[in-house]
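Chain by chain, the residues:
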Amino acid sequence: MSTESEAIHQVIEQSLELLRRHLDWDVALDRLAELNHQIEDPNLWDDADNAQKIMQERTYLANQVELVRKLEQDCQDNLEMIELAEIESDQAIIDDALNDLKALEKEVKRLEIESLLSGEADRNDCYIEVNSGAGGTEAQDWAEMLLRMYTRWAEQRGYKVTFMESTQGETAGIKSATLQISGMNAYGWLKSEAGVHRLVRISPFDSAKRRHTSFASVWVYPVIDDSIQIDINESDLKVDTYRASGAGGQHINKTESAIRITHMPTGIVVACQTDRSQHRNRATAMEMLKARMYEAELKKREEAAAQTEAGKTDIGWGHQIRSYVLAPYQLVKDLRTEVEKTNPQAVLDGDLDEFMAAALALRVGATRSEASAQAS
């Protein structure tokens, strides 16, 4: 077997072993057998909530076990193909099998990083909120660029993106906007993006073509389900209605259907304008408020709370987590992990996985393997 194929095989095996350890393989198999037995009970759906939890756990475990087994089998099949092709001196088959092994290597790197997503709400959908900093049109345009970046990242992963609300800038861009990102582990991946993002570029809004520095903040919080109880007193809420901005039909833009809710004790503000019904927007905004309050409680329980809160302070110098430099040179650098990329356009088009993987490993205090350090 070639040196290259053997090296890839070792990387795949190391990552698969980490995945098995993360799943606690033997325990996972026993639990899956137990869940399979439970779903055969004809009385299971007498308690719909409990049945749904059982089905969700069973689906998750079954998918994880099946995936590890498939990756193991695919790896073995390609190794055997290479051995046979080397005997026959068929370089074309060897090349095809090596390409398949490289694709498998990339997949197990991603899964190894994803195995670090073990937080209480990491599997949940999430809201992502972008706010422009001081600087008028330049900062508002930068906020819209960030919103596009996260939309592209989510779409590339097959996640669903739902517009919740936005406040447009006077000339261009946005003052603020909120998206809901729906998909497995959405919050786990995106939570490390919370903080201040700094842009350096030649401003398209400056006739003198001078270089400008702009800031925008990103905040991420998980969507919570009915099993999580958050108590909110109506007397603590300030509710404002206003006309929706941005794209929408005549009704959504001409009536005060948009809702903004302020939780007075904490200062948390949420808004929703996704529906033409004020009632439904209020219900959605309440869910967003509960999610924000739940996320705040999670932060108190995490060791990284102080670091995260520091990233949420002033939207300006000294607080940024990542710099995006478009002029005079091309560089995106994460100031927490030192990860750098020299293709800012690819990053702004959604190439964020390496930044997220490094930040995730730092957040949980994990040491990534050489393989996962190269995840993309």
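Heads up: the structure comes first, above all this text.
The shown structure was predicted, so the numbers you read here are calculated from the model rather than taken from an experiment.

**Brief notes about the overall build of the protein chain**
Line of reasoning, step 1. A tally of helices and strands in the protein chain yields 12 helices and 11 strands.
Line of reasoning, step 2. Out of the 376 residues belonging to the protein chain, those deemed buried represent 48%.
Line of reasoning, step 3. Put simply, 64% of the contacts in the protein chain that link residues at least 6 apart link residues at least 24 apart.
Line of reasoning, step 4. Per element, the accessible surface of the protein chain, about 19,000 Å² overall, is 47% carbon and sulfur.

**Observations concerning a negative patch on the surface**
Line of reasoning, step 1. Taken together, the side chains of Asp41, Asp46, Asp47 and Asp49 define an acidic patch exposed on the protein surface.
Line of reasoning, step 2. In this structure, Asp46 sits in the loop between α2 (25-38) and α3 (48-88).
Line of reasoning, step 3. The exposure class assigned to Asp46 is exposed, which follows from its relative accessible area of 66%.

**Considering the environment of Gln76**
Line of reasoning, step 1. By the element assignment, Gln76 lies in helix α3.
Line of reasoning, step 2. The exposure class of Gln76 is partly exposed, given its relative accessible area of 37%.

**Examining the packing of aromatic side chains**
Geometrically, a pair of aromatic rings is defined through the distance of the ring centres and the angle of the planes.
Line of reasoning, step 1. In total, this model carries three aromatic pairs according to the counting rule given.
Line of reasoning, step 2. Pairing Tyr127 with Tyr221 gives two aromatic rings, centres 5.2 Å apart and planes at 40°, and the pair type is tilted. Note that Tyr127 is positioned in strand β1 (residues 126-132) and Tyr221 in strand β5 (residues 211-222), a separation of 94 residues in sequence. In terms of burial, Tyr127 and Tyr221 fall into one category: buried.
Line of reasoning, step 3. Ring geometry for Trp153 against Tyr159: centres 5.7 Å apart, planes inclined by 75°, an arrangement best described as edge-to-face.

**Re the pattern of salt bridges**
Line of reasoning, step 1. One pass over the full model with this rule turns up 26 salt bridges.
Line of reasoning, step 2. Notably, a salt bridge pairs Arg148 with Asp349, separated by 2.9 Å at the nearest N-O pair. Of this pair, Arg148 sits in helix α5 (residues 137-156) while Asp349 sits in the loop between α10 (344-348) and α11 (353-364), and the two are 201 residues apart along the sequence.
Line of reasoning, step 3. According to the relative accessible area criterion, Asp349 is partly exposed, its value standing at 24%.
Line of reasoning, step 4. Between Lys341 and Glu354 there is a salt bridge whose closest N-O contact spans 3.3 Å. Placement of Lys341 in strand β11 (residues 340-341) and of Glu354 in helix α11 is noted, with a sequence separation of 13 residues between them. Exposure class is identical for Lys341 and Glu354. Each is buried.
Line of reasoning, step 5. One salt-bridge network, held together by shared partners, links Glu13, Glu17, Arg20 and Glu72.

**Things to note about unusual backbone geometry**
Line of reasoning, step 1. In this chain, Ala327 is followed by Pro328 through a cis amide linkage whose omega measures 10°.
Line of reasoning, step 2. You can see Pro328 is positioned in the loop between β9 (320-325) and β10 (331-334).
Line of reasoning, step 3. Despite not being glycine, Ser89 shows a phi value in the positive range, around 55°.
Line of reasoning, step 4. In this structure, Ser89 sits in the loop between α3 and α4 (91-114).

**Details of the pairing of strand β3 (residues 174-182)**
Line of reasoning, step 1. Summarising burial for β3: eight of the nine residues are buried, a large majority.
Line of reasoning, step 2. With six bridges joining them, β1 and β3 adopt antiparallel strand pairing. Across the sheet, Glu129 pairs through a bridge with Thr178, a residue of β3.
Line of reasoning, step 3. Where strand β2 (residues 160-168) lies against β3, eight bridges are found, and the strand directions are antiparallel.

**Things to note about the packing of α3 against α4**
Line of reasoning, step 1. One can describe the packing of α3 onto α4 by two numbers: an axis separation of 9 Å at closest approach and a directional angle of 155°. One way to sum up the angle between α3 and α4 is to call them roughly antiparallel. Crossing angle aside, the handedness with which α3 passes α4 is left-handed. Every residue of α4 that contacts α3 at Leu67, Leu71, Asp74, Cys75, Asn78, Leu79, Met81, Ile82, Ala85 and Glu86 is listed here: Ile93, Ile94, Ala97, Leu98, Asp100, Leu101, Leu104, Glu107, Val108 and Leu111.
Line of reasoning, step 2. Per-class residue counts for the contact of α3 with α4 are 15 nonpolar, one polar and four charged.

**Overview of the sheet that holds strand β6 (residues 237-242)**
Line of reasoning, step 1. Strand order in this open sheet of three strands is β6-β7-β8, and the pairing throughout is antiparallel. Of all the strands in the sheet, the pair left with one neighbour each is β6 and β8 (268-272). Averaged over neighbouring strand pairs, the angle between their axes works out to 15° when direction is ignored.
Line of reasoning, step 2. Of the strand pairs in this sheet, β6 and strand β7 (residues 258-263) are connected by six bridges, and their pairing is antiparallel.

**Here we look at the sheet that holds β11**
Line of reasoning, step 1. Here eight strands make up an open sheet; going across it, the order is β2-β3-β1-β5-β4-β9-β10-β11 and the pairing mixed. Where the open sheet ends on each side, the last strands, each with one partner, are β2 and β11.
Line of reasoning, step 2. Contacts from α5 reach β1, β2, β3, β4 (195-202), β5 and β9 within the one sheet, and its direction differs from that of β5 by about 45°.

What counts and what doesn't
- Residues numbered from 1 in each chain as written.
- Predicted model: local features only at pLDDT ≥ 70, side-chain atom pairs only at ≥ 80, totals over all residues.
- Heavy atoms only, no water.
- Helix = DSSP H or I, 4+ residues; strand = E, 2+ residues; numbered from the N terminus.
- Buried < 20%, exposed > 50% of the residue type's maximum accessible area, 1.4 Å probe, protein only.
- Contact = heavy atoms within 4.5 Å.
- Areas by Shrake-Rupley, 256 points an atom, 1.4 Å probe, with all protein chains shown as cover.
- Patch = residues over 30% accessible without salt bridge, like charges linked within 9 Å, V, L, I, M, F, W, Y side chains within 5 Å.
- Salt bridge = Lys/Arg side-chain N within 4 Å of Asp/Glu carboxyl O.
- Lys, Arg positive; Asp, Glu negative; His and termini not counted.
- Charge placed at Lys NZ, Arg CZ, Asp CG, Glu CD.
- Phe/Tyr/Trp six-rings, centres within 6.5 Å; stacked < 30°, edge-to-face > 60°.
- Pairing = 2+ DSSP bridges.
- Axes fitted to C-alpha atoms, helices over the stretch in contact; angles between N-to-C directions.
- Parallel < 35°, antiparallel > 145°, perpendicular 65-115°, else oblique.
- Left-handed = near helix turned anticlockwise from the far one by under 90°.
- Nonpolar A, V, L, I, M, F, W, Y, C, P; charged D, E, K, R; others polar.

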